[in-house]
Amino acid sequence: MSADATKSEVPAQLPDAAGHFGTFGGRFVPEALVAALDELATAHQAAMADETFRDEFAGLLRQYAGTPSLLYEARRFSAQAGARVLLKREDLNHTGAHKVRNVLGQALLTRRMGKRRVIAETGAGQHGVATATAAALFDLECVVYMGQVDTERQALNVARMRMLGATVVPVTTGSRTLKDAMNEAMRDWVANVDETHYLIGTAAGPHPFPALVRDFVRGIGDEARAQCLELTGGLPDAVTACVGGGSNALGIFHAFTGDPQVRLYGFEAGGEGMGTGRHAASITGGSTGVLHGTRTFVLQDDDGQTRESHSISAGLDYPGVGPEHAWLHDTGRASYQPVTDAEAMAAFELLCRTEGIIPAIESAHALAGTLAIAPKLAAELGRQPTIVVNLSGRGDKDVHTAGEYFGILDKE
Amino acid sequence: MSERTSRIGAAFDKARADGRALLVGCMPAGFPTVEGSIAAMKAMVAAGVDVIEVEIPYSDPVMDGPVIQRASDIALAGGVRTRDTLRVIEAVAATGAPVVTMTYWNPIEHYGVDAFARDLAAAGGTGLVTPDLIPEEAGEWLAASDAHGLDRTFLVAPSSTDQRLAMTAAHCRGFVYATAIMGVTGARSQTSQAAPVLVSRLREVTDLPVGVGLGVGTGAQAATVAGYADAVIVGSALIRCLLDASDEASGLAALRALSAELAEGVRQPDR
Ligand SMILES: Cc1ncc(COP(=O)(O)O)c(C=O)c1O
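Residues numbered from 1 in each chain as written. Chains lettered and ligands numbered in written order. Predicted model: local features only at pLDDT ≥ 70, side-chain atom pairs only at ≥ 80, totals over all residues. Heavy atoms only, no water.

### Things to note about the nonpolar core
Now for step 1: Leu104(A), Trp189(A), Tyr198(A), Ile252(A) and Phe253(A) are the most contacted members of the largest nonpolar core, which has 106 residues in total.
Now for step 2: In terms of residues, this core owes the most to one element, helix H8 (residues 178–192) of chain A, which gives seven residues.
Now for step 3: Residues lining this core come from more than one domain, with at least three contributed by each of domain 1 (28–64 + 98–213) and domain 2 (66–96 + 218–406) of chain A.
Now for step 4: Aside from chain neighbours lying at most four places away, what touches Trp189(A) is Leu33(A), Ala36(A), Leu37(A), Ile119(A), Thr196(A), His197(A), Tyr198(A) and Phe209(A).
Now for step 5: Ile68(B), Val99(B), Ala144(B) and Ala222(B) belong to the second largest nonpolar core, which has 77 residues in total. (Core = buried A, V, L, I, M, F, W, Y, C linked by side-chain atoms within 4.5 Å. Buried < 20%, exposed > 50% of the residue type's maximum accessible area, 1.4 Å probe, protein only. Helix = DSSP H or I, 4+ residues; strand = E, 2+ residues; numbered from the N terminus. Domains from an automatic or database assignment. Contact = heavy atoms within 4.5 Å.)

Okay, structure coming up:
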């Protein structure tokens, strides 16, 4: 591999100093948090410029998380897709998803800032488990906020977090789901900001979180780009990912944003269908607004009150999206499309049966979207396209949901 | 800061001349119903609250503790709309008491910033208190508040640097809101040690009146805060009078009693 093949071109650096991606992003927060966000932004800049920090992060990713994850050529799935499909196997990472990269980066940053306590929000519990894992490794106190609806649906992940030493706080306000857990984490942060870092789970929230999370997960794309060059001798025609808050998608997109011939596709949760209003597709089914500290696309009613989102995938079930995606959509650099629950579950089953890989239901949205775009891309290019798919996580956590969906659980 | 005169300035001037602080009482519009909230706010004015802070209920109130969250949820579940809030403001402003409006940013952005400023001014509101809008993000609101002659109150906190205190105060008109504690809204048994320090730091950088909020719930606490602040802002303790009551009449009675106690407190500043 040539030296330059491992490095991608980074386009003009965004966000700007105030955290804006075009008209998106920024900081819509209580003044009480500004000092902490400034401290975090300074620590983030200093850390990224510090070779010792970068080496330590790289070492942890390699030794503890098990990266670089494989880029696997899924031949039997490819035959069904009509495209050469390469899966970025983030499902093989420790804790089973791309999220471990973000939590390890932020845990290192927490220690660097001299803080002893981390808090996090979680929906399905994946980010909560990842945060509890990093907190155990770094000997940090850990409190995870989780909507009461979710603590009941995801009892196993609640137990996992407790095993790892975290305190799980069920949130009983509002819709009792992820967005309310995020509100509660913000409230804790305002009150305990001196000793606490808010270890946010996706590339959303006020500046510098979207930039910071992106920087910690962008290794996914850096690896995938180099691996694709090595495996195929060229760049892919398209890179695809599911979009909840947007971290796994940004993680894999970023290395390719400077390659204009590589199309970027983000697949949002279309739930029961866009026409039903029961979905979690903020970009394709929402409008611009302010939520959780940032200006972005939001699911909201006529008065700007947040609407509840719906998706079979807990990890995509969020009524907002990271501001960099709003910007990538606005500029046309990436395109975003909804994928319904049914389409995602069909792709879930196809990957199980063709490759012996059980994907996370989140990641199944990326697979379904890939199946949808492949024929169009083939027609446009006049040849079989090569598509890199971010398989962001494994499906162990989803066995119950999928088992119920397919009606394959034995009755008691 | 713009040189326009403040809509609420005269009330502060008068209180200062009387050697006391203003009492600002908060209540969400539409809680428990639109009419019920108008009745509650009028009762507060009658019992001695000087300024009413009407809160626009919002689905994701990250600065608020359990009491205001519950009241907001009740108001939203009852179907309150932003335009109902304007009706509440108009009805309460008709009593002659200045009415400020507290709102998270998204409902205003969604209504249209200039359109909301226009309608708020027409309803007789004095301006906005914006808990999740910092001056750096407020360009549209700075222009709209100038265009429609409205006050604007940004918040400062114990964690604000001196530089941010000066910058934030310079963007305020009417008064500055000092959050007395690092934390969400809700009455507390002790008011904060940090508040007087924050207020004296503010006095170094601005001549604007300073309101202190977060945590006040008794007449004695109001007197303490009145000792160093120009306005004592009370929310959760008043709202709880209605939340805890078994019926509307007893809720209003409790609300009147607490309003009167607080009004007494701001007239006896501990100095
Ligand atoms: C496996 C997996 N993929 C994707 C997501 C969605 O998050 P994001 O859009 O930040 O990648 C989650 C969130 O829980 C997840 O667990």
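### Let's talk about the sheet that holds strand S6 (residues 141–147) of chain A
Residue and element names in this part refer to chain A.
Now for step 1: Strands sit in the order S7-S6-S5-S8 across an open sheet of four strands; the sheet is parallel. For this open sheet the edge positions go to strand S7 (167–171) and strand S8 (196–198), each flanked by a neighbour on one side alone. Ignoring strand direction, the axes of neighbouring strands in this sheet form an average angle of 25°.
Now for step 2: With six bridges connecting them, strand S5 (residues 117–122) and S6 associate as parallel partners. Following the sheet pairing, Arg117 is matched in S6 by Glu141. (Pairing = 2+ DSSP bridges. Axes fitted to C-alpha atoms, helices over the stretch in contact; angles between N-to-C directions.)

### Some remarks on unusual backbone geometry
A negative phi angle is the norm for most residues apart from glycine, just as the trans form is the norm for most peptide bonds.
All names here are of chain A.
Now for step 1: The residue after Thr67, namely Pro68, is reached through a cis peptide bond having omega 0°.
Now for step 2: Take Pro68: it is sitting in the loop between helix H2 (51–65) and strand S3 (71–73).
Now for step 3: For His292, which is not a glycine, the phi torsion comes out positive at approximately 50°.
Now for step 4: Looking at the secondary structure, you find His292 in the loop between strand S11 (287–291) and strand S12 (294–298).

### With respect to the site of the ligand
All names here are of chain A.
Now for step 1: Near the ligand there are 18 residues, and of these Thr202, Gly244, Gly246, Ser247 and Ser392 occur at the shortest range.
Now for step 2: In the model, an oxygen atom of the ligand is placed 3.2 Å from a nitrogen or oxygen of the Gly245 main chain.
Now for step 3: Gly246 is positioned with one of its backbone polar atoms (N or O) 2.7 Å from an oxygen atom of the ligand.
Now for step 4: For the ligand, the accessible surface in isolation is 390 Å², of which the surrounding protein chains cover 96%. (Near = heavy atom within 4 Å. Polar contact = N/O pair within 3.5 Å; in protein donor to acceptor, adjacent residues only side chain to side chain. Areas by Shrake-Rupley, 256 points an atom, 1.4 Å probe, with all protein chains shown as cover.)

### Describing helix H4 (residues 82–93) of chain B
All names here are of chain B.
Now for step 1: Its 12 residues give H4 an end-to-end C-alpha distance of 17 Å, which sits within 8% of 16 Å, the value for a rise of 1.5 Å per residue.
Now for step 2: All of the buried residues along H4 are Thr82, Asp84, Thr85, Leu86, Val88, Ile89 and Val92.
Now for step 3: Of the surrounding secondary structure, the elements contacted by the buried residues of H4 are helix H2 (34–46), strand S2 (51–55), strand S3 (99–102), helix H5 (105–111) and helix H6 (113–123). (Expected span 1.5 Å × (residues − 1).)

### Details of the pattern of salt bridges
Now for step 1: For the coordinates displayed, the defined rule picks out 38 salt bridges over all chains.
Now for step 2: Across the salt bridge formed by Glu109(B) and Arg295(A), the nearest N and O atoms sit 2.7 Å from each other. Taken together, the residues Glu109(B) in helix H5 and Arg295(A) in strand S12 connect one chain to another.
Now for step 3: The partner of Glu136(B) in a salt bridge is Arg164(B), with the nearest N and O atoms 2.6 Å apart. In this pair, Glu136(B) sits in the loop between strand S4 (127–129) and helix H7 (139–147) while Arg164(B) sits in helix H8 (residues 162–171), placing the two residues 28 residues apart along the sequence.
Now for step 4: Here Glu136(B) falls in the partly exposed class, since its relative accessible area comes to 44%.
Now for step 5: Residue classification places Arg164(B) among the buried residues on the basis of a relative accessible area of 10%.
Now for step 6: Connected through salt bridges with shared partners, the residues Lys88(A), Glu90(A), Arg101(A) and Glu223(A) form a single ionic network. (Salt bridge = Lys/Arg side-chain N within 4 Å of Asp/Glu carboxyl O.)

### Quick look at the packing of aromatic side chains
Aromatic ring pairs are described here by two measures, namely the spacing of the ring centres and the angle between the planes.
Residue and element names in this part refer to chain A.
Now for step 1: If you walk through the whole model with that rule in mind, you get 13 aromatic pairs over all chains.
Now for step 2: A ring pair is formed by Phe348 and Phe406, whose centres lie 6.0 Å apart and whose planes are at 35°; its orientation type is tilted. Of this pair, Phe348 sits in helix H14 (residues 341–355) while Phe406 is found in helix H16 (residues 399–406), placing the two residues 58 residues apart along the sequence.
Now for step 3: One aromatic cluster in this structure is built from Phe53, Phe57 and Phe216. (Phe/Tyr/Trp six-rings, centres within 6.5 Å; stacked < 30°, edge-to-face > 60°.)

### A few points about the pairing of strand S4 (residues 84–89) of chain A
Residues and elements named next belong to chain A.
Now for step 1: Most of S4 sits inside the fold, with five of its six residues counted as buried.
Now for step 2: Inspection of the sheet shows S3 paired to S4 by three bridges, in the antiparallel sense. By the bridge assignment for S4, Leu71 is matched with Lys88.
Now for step 3: Where S4 meets strand S14 (residues 386–391), six bridges bridge the pair, whose relative direction is parallel. Along S14, the bridge assignment pairs Leu87 with Val389.

### Remarks on the domain arrangement of chain A
All names here are of chain A.
Now for step 1: Domains assigned within chain A are domain 1 (28–64 + 98–213) and domain 2 (66–96 + 218–406).
Now for step 2: Inter-centroid distance (C-alpha atoms) of domain 1 to domain 2 is 23 Å.
Now for step 3: Across the contact, 29 residues belong to domain 1 and 30 residues belong to domain 2.
Now for step 4: Ranking the residues of domain 1 by area buried against domain 2 places Phe28, His98 and Arg101 at the top, with a combined share of 28%.
Now for step 5: Linking domain 1 with domain 2 are two salt bridges. (Buried area = accessible area lost by both parts, 1.4 Å probe.)

### Some thoughts on the environment of Glu349(A)
Now for step 1: Structurally, the position occupied by Glu349(A) is in helix H14.
Now for step 2: A relative accessible area of 32% places Glu349(A) in the partly exposed class.

### Looking at helix H13 (residues 323–331) of chain A
Now for step 1: Taken together, the buried positions of H13(A) are occupied by Pro323(A), Glu324(A), His325(A), Ala326(A) and Leu328(A).
Now for step 2: Just past H13(A), the residue Gly332(A) takes up positive phi, approximately 80°.

### Some words on the interface of chain B and chain A
Now for step 1: In this assembly, 34 residues from chain B lie in contact with 35 residues from chain A.
Now for step 2: Both sides together, the interface formed by chain B and chain A hides about 2800 Å², and carbon and sulfur atoms give 47% of it.
Now for step 3: When the buried surface of chain B facing chain A is broken down by residue, Val62(B), His110(B) and Glu137(B) rank first, second and third, together holding 21% of it.
Now for step 4: Seen at the junction of chain B and chain A, the total is four salt bridges.
Now for step 5: Two residues, Asp303(A) and Arg81(B), come together in a salt bridge whose shortest N-O distance is 2.5 Å.
Now for step 6: Viewed at the interface, chain A and chain B are joined by 22 residue pairs in polar contact (both at pLDDT 80 or more).

### Describing the environment of Cys352(A)
All names here are of chain A.
Now for step 1: With respect to the secondary-structure elements, Cys352 resides in helix H14.
Now for step 2: The class of Cys352 is partly exposed, set by a relative accessible area of 22%.
Now for step 3: The spacing of Cys352 and Phe77 is 275 residues in sequence and 9.5 Å in space, taken between C-alpha atoms.

### Describing the pairing of strand S10 (residues 263–271) of chain A
All names here are of chain A.
Now for step 1: Burial runs high along S10: eight of the nine residues are buried.
Now for step 2: As defined by bridge partners, strand S9 (residues 238–243) adjoins S10 across six bridges and the pair is classed as parallel. The residue of S10 that forms the bridge with Thr240 is Tyr265.
Now for step 3: Where S10 lies against strand S13 (residues 334–340), seven bridges are found, and the strand directions are parallel. Across the sheet, Tyr265 pairs through a bridge with Ser335, a residue of S13.

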